[in-house]
Every structure is written in structure tokens, then in C-alpha cells.
Amino acid sequence: MLSACSRPPEVALAPQASAPACASAAWPAEVSGHQRVATQPDYGSVAAWGEPAIIARCGLDPLGPTTDDCVTVDGVDWVVRALSDGSAATTYGREPAIEVLAPAQYGAVPLLLPAFTSLARTLPENGRRCT
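This is a predicted model, so every value here is computed, not measured.

**Let's talk about the side chain of S87**
And step 1. The topology assignment puts S87 in strand 7 (residues 86-91).
And step 2. Under the relative-accessibility criterion, S87 is labelled buried at 10%.
And step 3. For S87, the side chain forms a polar contact with the main-chain nitrogen of V109, separated by 3.5 Å.
And step 4. Those residues within four positions of S87 in sequence are excluded, and the remaining contacts are R81, A82, V100, L101, A102, G107 and V109.

Laid out in C-alpha cells, this is it:
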């Protein structure tokens, strides 16, 4: 009998991945009922949950003004954009920023964002807000 071995999702580190708030990020144990899985690289600023993986990265450069949709979830502003195979949300007004990438099968990415509220609130604010 053969068993399938799944490989950890490969995640590119963000430019500020080594920032103290990101290198030791307190990622949630689960997101929308999906348990955390290993990533490649295994680094504190990246995390993943489920299969296919919901991926999160801390350490992105902060977003500037944008015409993309901006939503507020639990007091944290996020810029949301559609991707060809899902959607992405990036904290807005936080430096460094967090990005959450969600495959289409998980539905609208804002529904996943409450899991990231605690971590997002630890990131310094830069004065930008959704309007």
C-alpha cells in the first residue's frame, strides 16, 4: 500500500520578516476550523492552515493609498483583493503588514480574518485608515 506524502506549502518570506513583531508572531492554532500545518521555510513570520493551505505572512511593507476594497474586521483595517484562484487580505495602517492568502474554496477572505485580529493589533499603527 502506498501512502501519499504532502509537502509543506512553500511560502516566500516578506521583506520585513525578521522584524521583531513578525519573527516571533503569535499565529492562531486554527483558522476557520483548520489546524496549523508546517511551512517551508519553517520561520516565525509565516504560517499555514488546512489543505490547500490558507497562508499568512507577516513583514510586508505597509500599503499606501489604494482603490482596492478596504474592510474593517474587529477594529483592524484590511485591503482585500481578488486573485485568480482565491483572494488576499493585507492589513492597512499597520507597519509591518500581514497578508492572508485564501484559496477560493474557503470563500470570502474577510470571513477568515477574525483569527488574525490579536496578532494584527500587536503591529504598530501608521495612521492610515479605511475610509
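**A few points about the state of the cysteines**
And step 1. Following the criterion strictly, the structure yields 2 disulfides and no others.
And step 2. With a sulfur-sulfur separation of 2.0 Å, C22 is cross-linked through a disulfide to C58. Its torsion about the S-S bond being -55 degrees, the disulfide of C22 and C58 is classed as left-handed. In this pair, C22 sits in helix 1 (residues 20-23) while C58 sits in strand 4 (residues 54-60), placing the two residues 36 residues apart along the sequence. With respect to class, C22 is no different from C58; both count as buried.

**A short note on the sheet that holds strand 5 (residues 69-73)**
And step 1. Read from one edge of the open sheet, 8 strands run 1-2-3-4-8-7-6-5, paired in antiparallel fashion. For this open sheet the edge positions go to strand 1 (30-31) and strand 5, each flanked by a neighbour on one side alone.
And step 2. Taken together, the 5 bridges between strand 5 and strand 6 (residues 76-83) define a ladder with antiparallel strand orientation. Looking across to strand 6, one finds that T72 is bridged to D77.

**Examining the side chain of R57**
And step 1. Counting through the fold element by element, R57 comes out in strand 4.
And step 2. With a relative accessible area of 17%, R57 lands in the buried category.
And step 3. Beyond its immediate sequence surroundings of up to four residues, R57 is in contact with V11, A12, L13, A14, W27, S45, V46, A97, I98 and E99.

What counts and what doesn't
Residues numbered from 1 in each chain as written. Predicted model: local features only at pLDDT ≥ 70, side-chain atom pairs only at ≥ 80, totals over all residues. Heavy atoms only, no water. Helix = DSSP H or I, 4+ residues; strand = E, 2+ residues; numbered from the N terminus. Buried < 20%, exposed > 50% of the residue type's maximum accessible area, 1.4 Å probe, protein only. Polar contact = N/O pair within 3.5 Å; in protein donor to acceptor, adjacent residues only side chain to side chain. Contact = heavy atoms within 4.5 Å. Disulfide = S-S within 2.5 Å. Pairing = 2+ DSSP bridges.

Geometric descriptors of this kind do not, in isolation, establish any biological role.
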